[in-house]
Amino acid sequence: MLINIQFIKTKGKPNLTELVSEHLNKLSEKYEWLIRAEVYFKEENDPTGKSKICEIELSAPGPRIFASSTEESFELAIKKTIFELEQQVKKRKAVFVAH
């Protein structure tokens with residue numbers, strides 16, 4: 001799977017790149033039909049402290065799969081977003097199996 005990572009309004013960090021790549025590669029090993037991942041890291045001003053945003057869009061057969069989360073750190077945002085993507089990918093696989 002091809003992974004494209006972009007940092008918007010924040011500085012790029014190699015540890016975040018490695019972490020998200022590791023999680024997406026595990027997902028790609030389970031589901032070989034995933035084609036590409038677009039990952040966006042954003043930082044916004046938020047008085048609640050949850051200002052780190054991770055958005056991931058997966059290209060796969062059928063409509064694109066998208067998940068986003070806003071947390072206190074990018075690491076938490078990555079974990080939550082990957083979890084949401086995994087749920088959506090499982091549903092997509094169930095549709096493939098049914099047909």
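That block above? That's the structure.
Remember, predicted model here, so these are calculated numbers, not experimental data.

Draft legend 1. Inspection of the sheet that holds strand 1 (residues 2–8) at higher detail. Here we have four strands laid out as an open sheet, ordered 1-2-3-4, and mixed in their pairing. Of all the strands in the sheet, the pair left with one neighbour each is strand 1 and strand 4 (65–71). On average, each strand axis in the sheet is tilted by 10 degrees relative to the strand beside it, whichever way the strands run. Strand direction decides the pairing type here: strand 1 and strand 2 (residues 36–43), joined by seven bridges, are parallel. Paired with Phe7 across the strands is Phe41, a residue of strand 2. The sheet strands contacting helix 1 (residues 14–30) are strand 1, strand 2 and strand 3 (52–59), and the helix crosses strand 1 at an angle near 145 degrees.

Draft legend 2. Layout of the pattern of salt bridges. In the structure shown here, the tally under the stated rule is seven salt bridges. With a shortest N-O distance of 3.3 Å, Glu55 and Lys42 are connected by a salt bridge. Here Glu55, found in strand 3, pairs with Lys42, found in strand 2; they are 13 residues apart in sequence, far enough to count as distant. Salt-bridge contacts for Lys52 lead to Glu43; the nearest nitrogen and oxygen are separated by 2.7 Å. On the accessibility criterion, Glu43 (29% relative accessible area) is partly exposed.

Draft legend 3. Layout of the side chain of Ser28. Looking at the secondary structure, you find Ser28 in helix 1. Apart from residues no more than four positions distant in its own chain, Ser28 is found in contact with Met1 and Leu34.

Draft legend 4. Here's a closer look at helix 1. For helix 1, which comprises 17 residues, the first-to-last C-alpha distance of 25 Å matches the rise-based estimate of 24 Å (1.5 Å per residue) to within 8%. All buried positions along helix 1 are accounted for by Leu16, Val20, Ser21, Leu24, Leu27 and Ser28. Buried residues of helix 1 fall within an arc of 125 degrees about the axis and therefore sit on the same side. Among the exposed residues of helix 1, those oriented more than 90 degrees off its buried face are Pro14, Glu18 and Glu29.

Draft legend 5. Broad picture of the environment of Glu43. Position of Glu43 relative to the elements: it lies in strand 2. In the structure, Glu43 is positioned 35 residues away from Ile8 in sequence and 7.2 Å away in space, judged by C-alpha atoms. Those residues in contact with Glu43, other than ones at most four positions away along the chain, are Ile8, Lys9, Thr10, Ser51, Lys52 and Phe74. Engagement of the side chain of Glu43 in a polar contact is seen with the side chain of Thr10, the distance being 3.0 Å.

Cut-offs applied
- Residues numbered from 1 in each chain as written.
- Predicted model: local features only at pLDDT ≥ 70, side-chain atom pairs only at ≥ 80, totals over all residues.
- Heavy atoms only, no water.
- Pairing = 2+ DSSP bridges.
- Helix = DSSP H or I, 4+ residues; strand = E, 2+ residues; numbered from the N terminus.
- Axes fitted to C-alpha atoms, helices over the stretch in contact; angles between N-to-C directions.
- Contact = heavy atoms within 4.5 Å.
- Salt bridge = Lys/Arg side-chain N within 4 Å of Asp/Glu carboxyl O.
- Buried < 20%, exposed > 50% of the residue type's maximum accessible area, 1.4 Å probe, protein only.
- Expected span 1.5 Å × (residues − 1).
- Arc of directions from axis to C-beta.
- Polar contact = N/O pair within 3.5 Å; in protein donor to acceptor, adjacent residues only side chain to side chain.

Distances and angles like these do not, on their own, reveal function.
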